[in-house]
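A closer look at the structure
Letter by letter, the chains look like this.
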Amino acid sequence: MPVSAALTSRALPIPELLAPAGSLTMLRTALAFGADAIYAGQPRYSLRVRNNDFGDLAILGTAIGEAHAAGRKLYVVSNVLPHNRKVHSYLSDMAPVVALQPDALIMADPGLIDLVRETWPQMAVHLSVQANTVNFAAVRFWQKLGIQRIILSRELSLDEIAEIRQECPDIELEVFVHGALCIAYSGRCLLSGYFNHRDPNQGTCTNSCRWDYQLKAGKADTAGDVHAAQPPNSANFPDQRPGKGVWLLEEKERPGELMPIEEDEHGTYLMNSKDLRAVEHVRRLTEIGVDSLKIEGRTKSPYYVARTVQVYRRAIDDALAGRPFDPGLLGELEGLANRGYTDGFYQRHHEHEMQNYLRGHSESGRSLYVGDVLAWDAPHQLALIDVKNRFSVGDRLEIIHPSGNHRLTLERMQHIDGNEIRVAPGNGHRVWIPLPSELPGALLARFI
């Protein structure tokens, strides 16, 4: 379902839709729903260690082969910021990966990039967002070193991206359009390493910014030491001068470890960022001439990949066909688990807040993923569902499939043994529901 041949003749440049994969199931789902390219990384040399099957070279080779057989691309993420130990082993470990012929390596560290350029000059290198590229001079610098594509920093506005495109017309540019945002500059965070010695820059981030923090009142004495205190009388943020009131931050699992919060002229910002959703900017990014629109989420589920790829595929195709933006796409993305959405830095001075102060956990909006279609009984027109979350007779369901989505109200349901039931309790159960046609690989969502 990539961009059709009819669209390729249009004046607008055609951006690549780039999807994440942490497993073969995610890769196959992304390809089925319309991704033009996939990115996946090995745990040792990318920044996603957990939920990552591609440390197995056989699985990585299968992924590359399937992508190429479908006429798509696969990029191997190798964006670790390594200490000496990993530098020593890098070339020997990457030799069999390069032999599998991925379409590019996504890299951040200048030393590793130099090693790759010397050892495998034919291997395309894409510069990771971790390299913090925020201006056209930096793009030109990397271009001189043989970099094929720059993944621009998330901290850029649409106008800044347009200026970079104008100043650097002959190099590929890539931007993120959807997924989790890090509070640290382009993801270079130290918080997880500080709390529990899990270095985000080595791929072992524990998402410390998402933990449960509480605000407590405190006092700074004349020596500058901070102590717990009764809440100040004023509703305003306490005066930070010695002897005056301060706010302290306490993490749920670390009682008594009180961290003072500092305030500058812009205010005080807590750590839980909203998620990026920039589907409404797809047309502008296409008009700018961005070569690749990237979805974040290698540790997420096949359902997440199916939904995001399907929505952004439609947004790209609508932009290329000259159709107006469909606001309904925003609602479809609300159905994914999210921390609230923002379009990040693309457009400044929004009325809505950039930070999510209210919740530190994911929320589901319009719909909830409830199951996978495993098989279809043609004589009885029933689909076998592997249940992931609770749903009931009477619920409004959406069947999500590469051929198109279908909505229905569930009128009856059977347990796998054939007995009529009204509720599918949750994960671990299998049930039969009416489905008028065979939709292999479909995903099931419940409207809430």
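Residue numbers run consecutively from 1 along every chain, following the written order of its sequence. In keeping with the model being predicted, local features are shown solely for residues with a pLDDT of at least 70 and side-chain atom pairs are shown and tallied solely at 80 or more, while totals for entire chains, interfaces and linings include all residues. Note: side-chain values were computed over all heavy atoms of the structure, leaving out hydrogens and water.

Notes on the overall build of the protein chain
We apply this condition: Put simply, DSSP marks the helices as runs of H or I at least four residues long and the strands as runs of E at least two long, and each gets a number from the N terminus on. Throughout, exposure labels follow a simple rule: accessible area from a 1.4 Å probe, protein chains only, divided by the maximum for the residue type, with under 20% read as buried, over 50% as exposed, and the rest as partly exposed. In what follows, residue pairs with any heavy atoms lying within 4.5 Å of each other are defined as contacts. A 1.4 Å probe and the Shrake-Rupley method give the accessible areas. Residues count as covered only by the protein chains that appear here.
Across its full length, the protein chain holds 10 helices and 24 strands. The buried share of the protein chain, taken over its 448 residues, is 50%. Across the protein chain, every contact between residues at least 6 apart in sequence was considered, and the portion connecting residues at least 24 apart equals 66%. Element-wise, carbon and sulfur atoms account for 51% of the exposed surface of the protein chain, whose accessible area totals about 20,800 Å².

Considerations on the sheet that holds strand β19 (residues 406–409)
Selection criterion: Any two strands are treated as partners once DSSP identifies two or more bridges connecting them. Every axis corresponds to a line fitted to the C-alpha atoms, with the helix fit spanning only the stretch in contact, and the corresponding angles, defined between N-to-C directions, vary from 0 to 180 degrees.
Ordered in space as β19-β18-β24-β15-β16-β23-β20-β21, the 8 strands form an open sheet in which the pairing is antiparallel. Two strands close off the open sheet at either side, each with one partner strand: β19 and β21 (420–421). Sheet topology note: the strand β15 (residues 367–377)/strand β16 (residues 382–387) ladder contains 6 bridges and is antiparallel. Looking at β16, one finds that Asp372 is bridged to Asp386. Relative to strand β24 (residues 443–447), helix α9 (residues 302–321) is tilted by about 80°, and along the sheet it contacts β15, β18 (396–400) and β24.

Comments concerning the packing of helix α1 (residues 24–33) against helix α2 (residues 57–69)
Under the convention used in this document: Orientation is classified from the angle alone, with under 35 degrees giving roughly parallel, over 145 giving roughly antiparallel, 65 to 115 giving roughly perpendicular, and any other angle giving oblique. Asp, Glu, Lys and Arg are counted as charged, while Ala, Val, Leu, Ile, Met, Phe, Trp, Tyr, Cys and Pro are counted as nonpolar; the rest, among them Gly, fall into the polar class.
At their nearest, the axes of α1 and α2 sit 10 Å apart, and the two run at 10° to each other. Taken together, the axes of α1 and α2 lie roughly parallel to each other. Where α1 abuts α2, its residues Leu24, Leu27, Arg28 and Leu31 lie against Ile59, Thr62, Ala63, Glu66 and Ala67. By residue class, the composition of the contact of α1 with α2 is 6 nonpolar, 1 polar and 2 charged.

Looking at empty space enclosed by the protein
To locate leftover empty space, one rolls a probe as large as a water molecule over the atoms. Operational definition: Only protein atoms enter the 1 Å grid used here, on which a cavity is any set of points holding a 1.4 Å probe that cannot leave and a pocket is any open set flanked by protein within 12 Å on both sides along at least five of seven lines; residues with an atom within 4 Å of a point are listed as lining. Grid points are joined across faces, edges and corners, and a volume is the space filled by probe spheres set on the points.
One pass over the structure, following the stated rule, counts 3 cavities of 30 Å³ or more. Taken as a whole, the largest cavity encloses approximately 90 Å³ of empty space. As for the largest cavity, its lining consists of 13 residues, and the residues nearest its centre are Arg154, Phe176, Leu276, Phe345 and Tyr346. Looking at side-chain class alone, the lining of the largest cavity contains 9 nonpolar, 2 polar and 2 charged residues.

With respect to the pattern of salt bridges
Oppositely charged side chains can form a pair if their charged atoms are brought close together. Formally: For salt bridges, the criterion is a side-chain nitrogen of Lys or Arg within 4 Å of an Asp or Glu carboxyl oxygen.
Evaluation of the coordinates by the stated rule reveals 21 salt bridges. In this structure, Asp36 engages Arg313 in a salt bridge whose closest nitrogen and oxygen atoms are separated by 3.1 Å. Here Asp36, found in the loop between α1 and β2 (37–41), pairs with Arg313, found in helix α9; they are 277 residues apart in sequence, far enough to count as distant. Judged by its relative accessible area of 17%, Asp36 is buried. The partner of Asp291 in a salt bridge is Arg165, with the nearest N and O atoms 2.9 Å apart.

Quick notes on the confidence of the model for the protein chain
Under the convention used in this document: How sure the predictor is of each residue is captured by pLDDT, a score from 0 to 100.
Per-residue pLDDT for the protein chain has a mean of 84; in total, 75% of the residues score no lower than 70. Ignoring residues within four places in sequence, the model shows residues 3–10, a span with pLDDT below 50, making 15 contacts including any to other chains. Scored below 50 in pLDDT, residues 351–365 makes 37 contacts in the model with residues more than four places away or belonging to other chains.

A short note on the packing of helix α5 (residues 136–144) against helix α6 (residues 158–167)
Note the following rule: Less than a right angle of anticlockwise turn of the near helix away from the far helix marks a crossing as left-handed, whereas a clockwise turn marks it as right-handed.
At a closest axis distance of 9 Å, the pairing of α5 and α6 adopts a crossing angle of 45°. Comparing their axes, α6 and α5 come out oblique. Regarding α5 and α6, the two cross each other, and that crossing is right-handed. Of the residues in α6, those touching α5 at Phe136, Val139 and Arg140 are Glu163, Ile164 and Glu167. Counted by class, the contact of α5 with α6 contains 3 nonpolar, no polar and 3 charged residues.

Points about the packing of aromatic side chains
Cut-off, in case you're wondering: Two rings from Phe, Tyr or Trp (for Trp, the six-membered ring) form a pair when their centres sit within 6.5 Å of each other. Planes less than 30 degrees apart are called stacked, planes more than 60 degrees apart edge-to-face, and all others tilted. In our convention, an over-ring charge means Lys NZ or Arg CZ found within 6 Å of a ring centre and within 35 degrees of that ring's normal.
Under the definition given, this model contains 3 aromatic pairs. When the ring of Phe141 is compared with that of Trp142, the centres are 5.2 Å apart and the planes differ by 75°; the resulting orientation is edge-to-face. Overall, the relative accessible area of 10% leaves Trp142 in the buried class. Each ring, one from Tyr303 and one from Tyr369, has its centre 4.6 Å from the other, and the planes form 10°; the classification is stacked. Residue Tyr303 is found in helix α9, and its partner Tyr369 is found in strand β15; the two are separated by 66 residues along the sequence. Neither Tyr303 nor Tyr369 differs from the other in exposure class; each is buried. Lying over the aromatic face of Phe176, Arg154 brings its terminal NZ or CZ to 3.9 Å of the ring centre. Sitting over the ring of Tyr39, Lys294 keeps its end group 4.4 Å from the ring centre.

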